[in-house]
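Tertiary structure, described
Take a look at the letters that make up each chain.
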Amino acid sequence: QKEVEQDPGPLSVPEGAIVSLNCTYSNSAFQYFMWYRQYSRKGPELLMYTYSSGNKEDGRFTAQVDKSSKYISLFIRDSQPSDSATYLCAIPDPNGTDKLIFGTGTRLQVFP
Amino acid sequence: EAGVAQSPRYKIIEKRQSVAFWCNPISGHATLYWYQQILGQGPKLLIQFQNNGVVDDSQLPKDRFSAERLKGVDSTLKIQPAKLEDSAVYLCASSLTLKETQYFGPGTRLLVL
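The following refers to the structure shown.

What counts, and where the lines are drawn
- Residues numbered from 1 in each chain as written.
- Chains lettered and ligands numbered in written order.
- Predicted model: local features only at pLDDT ≥ 70, side-chain atom pairs only at ≥ 80, totals over all residues.
- Heavy atoms only, no water.
- Contact = heavy atoms within 4.5 Å.
- Buried area = accessible area lost by both parts, 1.4 Å probe.
- Salt bridge = Lys/Arg side-chain N within 4 Å of Asp/Glu carboxyl O.
- Polar contact = N/O pair within 3.5 Å; in protein donor to acceptor, adjacent residues only side chain to side chain.
- Helix = DSSP H or I, 4+ residues; strand = E, 2+ residues; numbered from the N terminus.
- Nonpolar A, V, L, I, M, F, W, Y, C, P; charged D, E, K, R; others polar.
- Disulfide = S-S within 2.5 Å.
- Buried < 20%, exposed > 50% of the residue type's maximum accessible area, 1.4 Å probe, protein only.
- Patch = residues over 30% accessible without salt bridge, like charges linked within 9 Å, V, L, I, M, F, W, Y side chains within 5 Å.
- Areas by Shrake-Rupley, 256 points an atom, 1.4 Å probe, with all protein chains shown as cover.
- Lys, Arg positive; Asp, Glu negative; His and termini not counted.
- Charge placed at Lys NZ, Arg CZ, Asp CG, Glu CD.

**Things to note about the interface of chain A and chain B**
The partner chain B presents 25 residues to the 17 residues of chain A that form the contact. In terms of surface lost to chain B, no three residues of chain A exceed Arg 41, Asp 98 and Lys 99 of chain A, which account for 38% of the buried area on that side. Run the count over chain A and chain B and you get zero salt bridges. Linking chain A to chain B there are two residue pairs in polar contact (both at pLDDT 80 or more). Only β4 (33–38) and β10 (100–102) of chain A provide two or more residues apiece to the side of chain A that touches chain B. Looking at the side of chain A that touches chain B, its residues break down into seven nonpolar, six polar and four charged.

This is how it looks when you write it as structure tokens:
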């Protein structure tokens with residue numbers, strides 16, 4: 001079993017739709033959780049991070065963590081064509097170093 | 001503030017050849033990371049430096065890959081000899097220090113024929 005699992009998509013939605021992106025993880029020792037956005041031919045950029053269970057909101061983006069189910073989600077409200085990118089969940093390895101363990105990424109396409 | 005710089009952006013080589021990638025991190029960032037991102041997968045850490053010392057190289061294929069950060073600033077990643085399965089994007093990232101936000105460069109796209 002992979003430490004972090006993510007549906008690769010692709011996910012195609014119309015502009016204005018609510019998008020839900022999800023990851024599951026296997027290690028209950030994971031303490032905080034990140035979402036990176038990666039545009040085509042670019043490096044990933046940090047979008048949001050959260051430490052605890054519950055919701056964290058930043059503009060049109062909401063990150064949700066359910067530690068009991070080992071499930072994390074990113075919601076995008078009022079999606080825009082500029083949101084078209086690959087979204088990667090990432091979890092810092094709790095075993096000493098801070099290397100990031102990434103999911104495979106979900107490719108999102110928002111069409112006008 | 002300038003971001004993480006990487007060169008070259010693209011490289012095509014034949015198997016068994018050698019290749020080197022260069023990374024210049026954000027000024028003042030002590031921690032530098034090299035990740036490998038195979039098409040359709042998330043980035044995987046190859047090696048992590050704190051200043052010029054190696055923190056983690058557990059996933060670096062040391063029979064063919066090497067990396068250095070001699071003066072604690074720029075870094076080079078080398079593959080010798082390359083295999084077909086090394087075709088990937090090689091991403092460099094830096095952070096102010098350990099456990100701080102990682103900032104990624106645009107990557108070097110390697111194709112091994």
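**A closer look at the state of the cysteines**
Throughout the structure, instances matching the rule amount to two disulfides over all chains. Here Cys 23 of chain A pairs with Cys 89 of chain A through a disulfide, and the sulfurs are 1.9 Å apart. Residues Cys 23 of chain A and Cys 89 of chain A share a disulfide whose torsion about the S-S bond is about -95°; that sign makes it left-handed. One end of the pair, Cys 23 of chain A, is in strand β3 (residues 19–25); the other, Cys 89 of chain A, is in strand β9 (residues 85–92), and 66 residues separate them in sequence. For the residue pair Cys 23 of chain A and Cys 89 of chain A, the accessibility class agrees, reading buried in each case. Across the disulfide, Cys 23 of chain B is cross-linked to Cys 92 of chain B (sulfur-sulfur distance 1.9 Å). Between Cys 23 of chain B and Cys 92 of chain B the disulfide shows an S-S torsion of about -70°. By sign, it is left-handed. Taken as a pair, Cys 23 of chain B in strand β3 (residues 19–24) and Cys 92 of chain B in strand β9 (residues 88–95) lie far apart in primary sequence, 69 residues in all.

**Quick word on a positive patch on the surface**
There is a patch of like positive charges on the surface, built from Arg 41 and Lys 42 of chain A together with Arg 9 and Arg 109 of chain B. Here Arg 41 of chain A lies in the loop between β4 and β5 (45–50). Arg 41 of chain A sits in the partly exposed class, given a relative accessible area of 47%.

**Regarding the pattern of salt bridges**
All told, the structure shown has six salt bridges over all chains when counted by the stated rule. Put simply, Asp 83 of chain A and Arg 60 of chain A hold a salt bridge, and the shortest N to O gap is 2.8 Å. With a gap of 23 residues between them, Asp 83 of chain A in the loop between β8 (71–76) and β9 and Arg 60 of chain A in the loop between β6 (54–58) and β7 (61–66) connect regions that are remote in the sequence. Note on Asp 83 of chain A: relative accessible area 1%, which makes it buried. In this structure, Arg 64 of chain B engages Asp 86 of chain B in a salt bridge whose closest nitrogen and oxygen atoms are separated by 2.5 Å. With Arg 64 of chain B in the loop between β6 (53–56) and β7 (65–68) and Asp 86 of chain B in the loop between β8 (75–79) and β9, the pair connects residues that are 22 residues apart, well separated along the chain. Taken as a pair, Arg 64 of chain B and Asp 86 of chain B share a single burial class, namely buried.

Bear in mind that shape data such as this cannot, by itself, settle questions of function.
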